[in-house]
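What follows is the residue order along each chain.
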Amino acid sequence: MNNARRNPLAAILVILAGLLVSGGGYAVASNAVTSSTASEVSQETVDAGKKLFLANCASCHGSNAEGGNMGPSLIGVGAASVDFQVGTGRMPAQASGPQVMKKPVQFTEEQTAQLAAYVASLSPGPSIPSEEWVGESALASGDTSKGGELFRINCAMCHNAVGAGGALTDGKFAPRLEGVEAKHIYEAMVIGPQNMPVFNDSNLTPEDKRDIISYLKYVEANPSAGGEELGGLGPVAEGLFVWIFVLGGIVVITIWLGAKSN
Amino acid sequence: MSNATATAKKKGGFLAGTANYLDERVGVAGILKEFGRKVFPDHWSFMLGEVALYSFLVLLLSGTFLTFWFQPSMVPVIYEGSYAPLKGAEMSVAYASTLDISFEIRGGLLFRQVHHWSALLFVAAAGLHMLRVFFTGAFRKPREINWVVGFVLFVLGMAGGFTGYSLPDDLLSGNGLRIIDGMIKGIPYIGAYTSSLLFGGEFPGEAIVARLYSLHIMIVPALILVFVAVHLFMVVIHKHTHYAGPGKRDDNVVGYPLMPVYVAKAGGFFFIVFGVIMLIAATFTINPIWAYGAYDPSPVSAGTQPDWYIGWLDGALRLAPTHLEFMIGDFTLSMNILIPLVVGILFLVVVALYPFIEAWVTGDKREHHVLDRPRNTPVRTAVGAAGITFYAVLWAGASTDLIATHFQLSLNHVLTSMQILLIVGPIAAYIITKRACLALMRKDREIALHGRETGRVVRLPHGEYIEVHEPMDEYELYKLVGYKAYEPMLARPNAKGVITLRSRIRAALSRFYFEDRVVPPTKGEIEAAHDHGKELH
């Protein structure tokens, strides 16, 4: 036994075994995260998506989605990415700038699905989350308390503790989360659009993601118990409000009281 | 008074009986006579200090209510209250009891909001009151000490606010405390020891909330009460100032007596201020601590700001140039923390000492009870405007991130612009304000001499066209010419025949203050101008 352990080949074997286990494990895990949706949709949908792609996206992303100077390659970004970018109106981009802005959605849901199917058919990538995670019943069963805690730990440093958004460097920003569809929040966590980091399933499990969305939706559906929220911007809005409206209003009253004597 | 009580006694009314009872035992009549006949002039700007006083009363009332339920303990508990998104979360007793005040106790949330809104209003009203006193020169002899007392009250207001802001132990206030901790640790040598002493060990420790609570509900309010008493007592001693007008002199006060006019007015005004605070507190959320979650040192939220009155210090930290740390031996000097600290303290010192600085420069030893029109003291007004600009840029500096996101600007550009504005803004404000004041004074002089332009053009019999000027009446004229134009002093040699550095500095400052001036027209000039006008009519 002792001799066998000292054999130089033993070290190599151990390393090999370690690599196989960790690499294989990673491959299994990432397969669990990314799954191709190409098999689930018809060729017709993919073709329709390709037509839309060539007409609307190819000028920047290249006619085979291989990317170019203006836009990145879309091979392997998956259906989730397309659904997020097109579904929130960010794509097709209107102008280049520090960050691509949200704007009214350009395509119908059917067209968005076609585009997503086409891009997903190029290479496997993250798929659109199922109702199991972002459906109404799923969100209703989410743990808002845990979601809130996860949100504060993972998201609040950019999106603010109440999801009001925040500034990043050089004109980039983390957008406000109020009114964003549940599936788009989920997709954003999976794909990490623009400046956002990726929160993969080993980082935040699908249950965690659902809990975070449940929390955000709960806060959105239940307005502040204290009355008007002043944009959820905290002390800055409160300070401006007290100076302009409260003290301003009282000064108007003092002027009225002072004028009475004249 | 004694006659009145005597006749009333015969009637045997309950009120008169009580009054007589009190008068015979504690001399109520004398007190009422003394205080009831105190005269207060009437002007809206004289009510700003009152607003601060009334907000403070509301603070005391609502704060007492909150102390019945708030528990300043940092012992961890599991929240089992009615706010769903925090159910089962671990938090401190302080935070849990604040949540209970907000969600379980009847009227608790309303009173929390009343307390917080009135705190913001207290400091804001005190600040505005200070500006009124500054720009009208009400801090001049004999009121310099009262200015310092008022200044201390303003700083105590900030201290009271900050200690209260940190009590709920939510994420926002914890982040704020962390910044204070960092600032303290940035002070060379004593920083780490001070922080350890304050927090009872490493931040956040388990002691800070209870310590801040003692400060917040005992030390700070007691000090504020004492200083308010001194402040008001001095107002009684000095009597109130009044604006220039006919019959208003440096040796009298023109206005209404305290009893009954001002007691009724001020009492009514208290309820107006209270009413406004209640209305705002009942309709607008302030500091929704439930949305921020329990404090945990790891998460830091974007858009973390202090309440407005600490904002200028937060702004100073944000605007300080980065990469300025260096080492001396084993000590790190964090200039990006020390510069804001020193600049902030210097700013406060200048504000506190301003009356003495101005008195030294003018050499004016007379008592002043008639207020200045801000335009008639161009340099003081301009210095004030520069100070406001400096403060305002620092203040805005605390919300660089919100300015960037809301106006779609680059955060870096906003920061750089603010840094430039912090230097250029006060200088520009100074020049513009001083020029505007001098121009207004020249206009006043012109109007005093030649009357107001009526826009009515008349053709005289010999063919000349003139515009008819309406002469000012005595009241308006008094306002326009009733000020003293100081002249710059020269540096003079002392008894030994030496021109000291001190006297040179004083002369230079005097020149800075009074080199540009507009002298009010003399009686002779006005009469001459009027005679000239009559010839034309």
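Since the structure is predicted, the reported quantities are computational estimates derived from the model, not experimental observations. (Residues numbered from 1 in each chain as written. Chains lettered and ligands numbered in written order. Predicted model: local features only at pLDDT ≥ 70, side-chain atom pairs only at ≥ 80, totals over all residues.)

A. Highlighting the overall build of chain A. Across its full length, chain A carries 13 helices and two strands. A total of 262 residues make up chain A; the buried ones form 39% of that total. Nonlocal contacts in chain A, meaning residues at least 24 apart in sequence, comprise 68% of its contacts between residues at least 6 apart. (Helix = DSSP H or I, 4+ residues; strand = E, 2+ residues; numbered from the N terminus. Buried ≥ 20, exposed ≤ 12 C-beta atoms within 10 Å, placed from the backbone. Contact = placed C-beta atoms within 7 Å.)

B. Here's a closer look at the interface of chain A and chain B. Taken together, the contact pairs 53 residues of chain A with 57 residues of chain B. When residues in the side of chain A that touches chain B are grouped by element, the largest group, 16 residues, is from helix α13 (residues 235–260) of chain A. Class assignment for the residues of the side of chain A that touches chain B results in 29 nonpolar, 18 polar and six charged. (Nonpolar A, V, L, I, M, F, W, Y, C, P; charged D, E, K, R; others polar.)

C. A look at the pairing of strand β6 (residues 325–328) of chain B. Residues and elements named next belong to chain B. In the sheet, β6 pairs with strand β7 (residues 331–334) via four bridges, with the strands oriented antiparallel. Each residue of the ladder has a partner; that of E325, found in β7, is S334. Two successive antiparallel strands, β6 and β7, enclose a turn made up of two residues, where G329 displays a positive phi of approximately 60°. (Pairing = 2+ DSSP bridges.)

D. Looking closely at the nonpolar core. If you look at the biggest cluster of nonpolar residues, it comprises 159 residues, and the most contacted ones within it are A:V119, B:W117 and B:L121. Per element, the largest residue contribution to this core is 15 residues, and it comes from helix α6 (residues 108–135) of chain B. In this structure B:L121 touches A:V242, A:V246, A:L247, B:S55 and B:I277, once residues within four positions along its chain are discounted. Counting residues in hydrophobic clusters, the runner-up holds six residues, among them B:L449, B:M472, B:L480 and B:V481. (Core = buried A, V, L, I, M, F, W, Y, C linked by C-beta atoms within 7 Å.)

E. Focus on unusual backbone geometry. Residue and element names in this part refer to chain B. The residue after K141, namely P142, is reached through a cis peptide bond having omega 10°. If you trace the backbone, P142 turns up in the loop between α6 and α7 (144–165). Cis rather than trans, the peptide bond between F203 and P204 has omega equal to -5°. The backbone of K239 sits at a positive phi, close to 65°, despite the residue not being glycine. If you trace the backbone, K239 turns up in the loop between α10 (208–238) and β4 (242–243). Residue K239 is classed as partly exposed on the basis of its 17 C-beta neighbours within 10 Å. The phi torsion at H323 lies on the positive side, around 55°, for a residue other than glycine. Note on placement: H323 falls in the loop between α13 (308–319) and β6.

F. Expanded view of the confidence of the model for chain B. Residue and element names in this part refer to chain B. Per-residue confidence for chain B averages 88 on the pLDDT scale, and 97% of its residues sit at or above 70. The low-confidence segment residues 1–9, where pLDDT is below 50, has eleven contacts with residues more than four positions distant or belonging to other chains. The ipTM assigned to the predicted complex is 0.87, against a pTM of 0.87. (pLDDT = per-residue confidence, 0-100.)

G. Structural view of the domain arrangement of chain B. Here the domain parsing of chain B yields domain 1 (2–31), domain 2 (37–372) and domain 3 (373–484 + 520–537). Of note, the centres of domain 1 of chain B and domain 2 of chain B, computed from C-alpha atoms alone, are 43 Å apart. (Domains from an automatic or database assignment.)

H. Representation of the UniProt feature "transmembrane region" (unreviewed entry) in chain B. All names here are of chain B. When the UniProt feature table is mapped onto this chain numbering, "transmembrane region" (unreviewed entry) sits at residues 51–70, 117–135, 147–167, 213–237, 269–290, 337–357, 378–398 and 410–433. Its end C-alpha atoms 30 Å apart, residues 378–398 is made of 95% helix and 0% strand. Helix makes up 96% of residues 410–433 and strand 0%. Its end C-alpha atoms lie 31 Å apart. (UniProt positions renumbered as here; feature names shortened; annotations may be inferred.)

I. How the structure looks around the UniProt feature "domain: Cytochrome c" (unreviewed entry) in chain A. When the UniProt feature table is mapped onto this chain numbering, "domain: Cytochrome c" (unreviewed entry) sits at residues 44–123 and 142–220 of chain A. The span residues 44–123 of chain A is 51% helical and 0% strand by assignment, and the distance between its end C-alpha atoms comes to 17 Å.

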